[in-house]
Amino acid sequence: MAMAAAGGGGAGRRLPPHSPSDLVVQTVEMHTGGEPLRIIPRLEGAEEAAVSGGLSLLSLRREVAATQDHVRRALVHEPRGHAGMYGAVVVAGGTAAGGAHLAALFLHGAGYSTMCGHAVLALGRFALDYGLVAAPSRPETAVHLRCPCGPVTAFVPWDGHRSGNPVRFHSVPAFAAATDLAIDVPGHGKVVVDIGYGGTFYAFLSAEQLGLDVCSSKTRDLVRAASAVTEAVKKQFKLRHPESEDLAFLYGTILTDGKDAFSEEPTTNICVFADEQVDRSPTGSGVTARIALQYHKGLIQLNQTRTFRSSTTGSLFTGKAVKATKFADYNAVVVEVSGEAFYTGTATFTVEEEDPLKYGFFFK
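Residues numbered from 1 in each chain as written. Predicted model: local features only at pLDDT ≥ 70, side-chain atom pairs only at ≥ 80, totals over all residues. Heavy atoms only, no water.

Applied cut-off: UniProt positions are given in the numbering used here, feature names are shortened, and annotations may be inferred rather than shown by experiment.
Within an unreviewed UniProt entry, the label attached to the protein reads trans-L-3-hydroxyproline dehydratase, and the organism entered is Chionis minor. UniProt, in the comment section headed Sequence similarities (unreviewed entry), describes the protein in these words: "Belongs to the proline racemase family." One UniProt comment on the protein, placed under Catalytic activity (unreviewed entry), says "trans-3-hydroxy-L-proline = 1-pyrroline-2-carboxylate + H2O".

This is the structure in structure tokens:
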């Protein structure tokens, strides 16, 4: 699609903005199963902190939140982003990358996650296409990523020229943090939830417990109910993570159709995370945590593949437990998640200093 210059007087003129002093950020735009990913290939502040400060990725996450949060707000919030926008800052080199091809910080409307499966699937393709892996191999290349929760590996199709789909990744050890936990949810009464960890913690329950249907109820009703569950669990259950307090938080609630036993048929869910943000994909870290719960309960076996459908877009991920392992005191599994990620464009964003809304605004 060609774009013509507006009016006759614009011929030969460079498109605005013309000021060289304003903040300029270039991004690569992707989506995985409908969930957007705005990739920032280079953020100088994060790069400098990673190299000069010798920071771990979890420490870098804190540093960027404290000193570079205006970048997240500018790119994720309106008017450049929207309530469902998601982002990733690529960190190549330095202690934070820990010998991996790249490290990533994950950005959402309310802050910074510790794991994001849909982003890992997209970043696997990005790493190959943007030359972050020195010698990709055919027909598939392993891309080693470091996420704040730990190392993960993406396996990306490569034809010698460009990456392809589907992409799959192997998770950090995933485990059941609590099962059949009774929680009192204001407005809904007692419900029973499971809490699983797939790089971050989620509460899981069937939408039916809340008087809803994950496939047919209005999204706003599902979002309100899931958010009420998240807040109730935070108040009534203390999460712990064996390695870091920075990882011991409930990221969100995933409402399901209740079909947890193994089946060839897809099971449908909706993930509501952070500040009432809705995942358009089936949620990679959520699939990881749900597989860990199903394995823990004896509902699936190793290498039994399940298909997960997003109630918002209908997009599909598959997941399976590929290896049993131990993670501190937990019986855990490594989970393989597979999905499709696509490029949607590139962008150059400018922040003009005199703009009163230069760092964005959040509107729900």
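There's more to say after this.
## Details of the packing of aromatic side chains
Our working rule: To pair, rings of Phe, Tyr and Trp, with the six-membered ring standing in for Trp, must have centres within 6.5 Å; the planes then decide the type, stacked if under 30 degrees apart, edge-to-face if over 60, and tilted in the middle. Burial classes: relative accessible area under 20% of the type maximum marks a residue as buried, over 50% as exposed, and values in between as partly exposed (1.4 Å probe, protein chains only). Each helix corresponds to a stretch of at least 4 residues labelled H or I by DSSP, and each strand to a stretch of at least 2 residues labelled E; elements are numbered beginning at the N terminus.
Overall, the coordinates contain 11 aromatic pairs when judged by the stated rule. Both rings, one in F126 and one in Y130, keep their centres 4.5 Å apart while their planes meet at 20°; by these two values the pair is stacked. By relative accessible area, which is 2% here, F126 ends up buried. Judged by its relative accessible area of 41%, Y130 falls in the partly exposed class. Between F175 and F327 the ring centres are 5.8 Å apart and the planes differ by 25°, which places this aromatic pair in the stacked class. With a gap of 152 residues between them, F175 in strand β9 (residues 174-185) and F327 in strand β16 (residues 316-327) connect regions that are remote in the sequence.

## Describing the layout of surface pockets
Heads up, the rule is: A 1.4 Å probe that fits into a set of points on a 1 Å grid over the protein atoms alone but cannot get out defines a cavity; an open set with protein on both sides within 12 Å along at least five of seven lines defines a pocket, and lining residues are those with an atom within 4 Å of a point. Grid points are joined across faces, edges and corners, and a volume is the space filled by probe spheres set on the points.
Of the pockets and cavities examined, the largest pocket occupies roughly 270 Å³. Of all the secondary-structure elements, those providing two or more residues to the lining of the largest pocket are β1 (23-32), α1 (44-52) and α3 (69-76). When residues in the lining of the largest pocket are grouped by element, the largest group, four residues, is from β1.

## Notes on empty space enclosed by the protein
Where we set the bar: Classification used: nonpolar for Ala, Val, Leu, Ile, Met, Phe, Trp, Tyr, Cys and Pro, charged for Asp, Glu, Lys and Arg, polar for all others including Gly. All the domain ranges listed were derived from an automatic or database domain assignment.
Enumeration according to the criterion identifies three cavities of 30 Å³ or more in this entry. Roughly 70 Å³ of internal volume is contained in the largest cavity. Residue assignment for the lining of the largest cavity shows that the elements contributing at least two residues are β13 (267-273) and α7 (284-296). Residues that form the lining of the largest cavity fall into these classes: seven nonpolar, four polar and two charged. For the lining of the largest cavity, the domains that each give at least three residues are domain 1 (23-166 + 343-349) and domain 2 (172-339).

## Describing helix α5 (residues 117-129)
The condition that has to hold: A helix is expected to span 1.5 Å for every residue after the first.
Under the 1.5 Å per step criterion, the end-to-end length of α5 is 19 Å for 13 residues, consistent within 8% with the ideal 18 Å. Burial within α5 is extensive, with 12 of its 13 residues counted as buried. When α5 is considered as a whole, its buried residues turn out to be G117, H118, A119, V120, L121, A122, L123, G124, R125, F126, A127 and L128. G131 lies just past α5 and shows a positive phi near 75°.

## Quick look at the side chain of H241
Note the cut-off: Contacts described as polar in this section are N or O atom pairs within 3.5 Å, which, within protein, must combine one atom able to donate a hydrogen with one able to accept it, while residues neighboring in sequence count only if both atoms come from side chains. Residue contacts are defined here by distance: any two heavy atoms, one from each residue, within 4.5 Å place the two residues in contact.
Of note, H241 is situated in the loop between α6 (219-236) and β12 (250-256). On the accessibility criterion, H241 (7% relative accessible area) is buried. A polar contact of 3.2 Å, which involves the side chain of H241, links it to the side chain of Y197. In this structure the side chain of H241 is engaged in a polar contact, spanning 3.0 Å, whose partner is the backbone nitrogen of E243. Excluding residues that lie within four positions of it along the chain, H241 makes contacts with Y197, F201, L247, A248 and F327.

## Brief notes about the domain arrangement of the protein
What counts is decided by this rule: Once two parts are put together, the accessible area they lose, assessed with a 1.4 Å probe and summed over both, is termed the buried area. We define a salt bridge as a side-chain nitrogen of Lys or Arg found within 4 Å of a carboxyl oxygen belonging to Asp or Glu.
When cut into domains, the protein gives domain 1 (23-166 + 343-349) and domain 2 (172-339). On a C-alpha basis, the centroid separation for the pair domain 1 and domain 2 is 24 Å. In this complex, domain 1 contributes 27 residues to the contact, which on the side of domain 2 involves 26 residues. At the boundary of domain 1 with domain 2, total buried surface from both sides reaches about 1,800 Å², with 57% on carbon and sulfur atoms. Summed over the three residues of domain 1 that lose the most area to domain 2, namely E35, L121 and C149, the buried surface amounts to 23% of that side. In this assembly, domain 1 and domain 2 are joined by one salt bridge. As a salt-bridge pair, R62 and D246 come within 2.2 Å of each other at their nearest N and O atoms.

## Focus: the pattern of salt bridges
Under the definition given, this model contains 10 salt bridges. Where R73 meets D69, a salt bridge forms, and the shortest distance between an N and an O atom there is 3.2 Å. Residue R73 and its partner D69 are both found in helix α3; the two are separated by four residues, about one turn of the helix. Since its relative accessible area comes to 29%, R73 is described here as partly exposed. Residue D180 is joined to K297 by a salt bridge in which the shortest nitrogen-to-oxygen separation is 3.6 Å. Separated by 117 residues along the polypeptide, D180 in strand β9 and K297 in the loop between α7 and β15 (306-310) bring together distant segments of the chain. By sharing partners, the salt bridges in this structure join D69, R72 and R73 into a single network.

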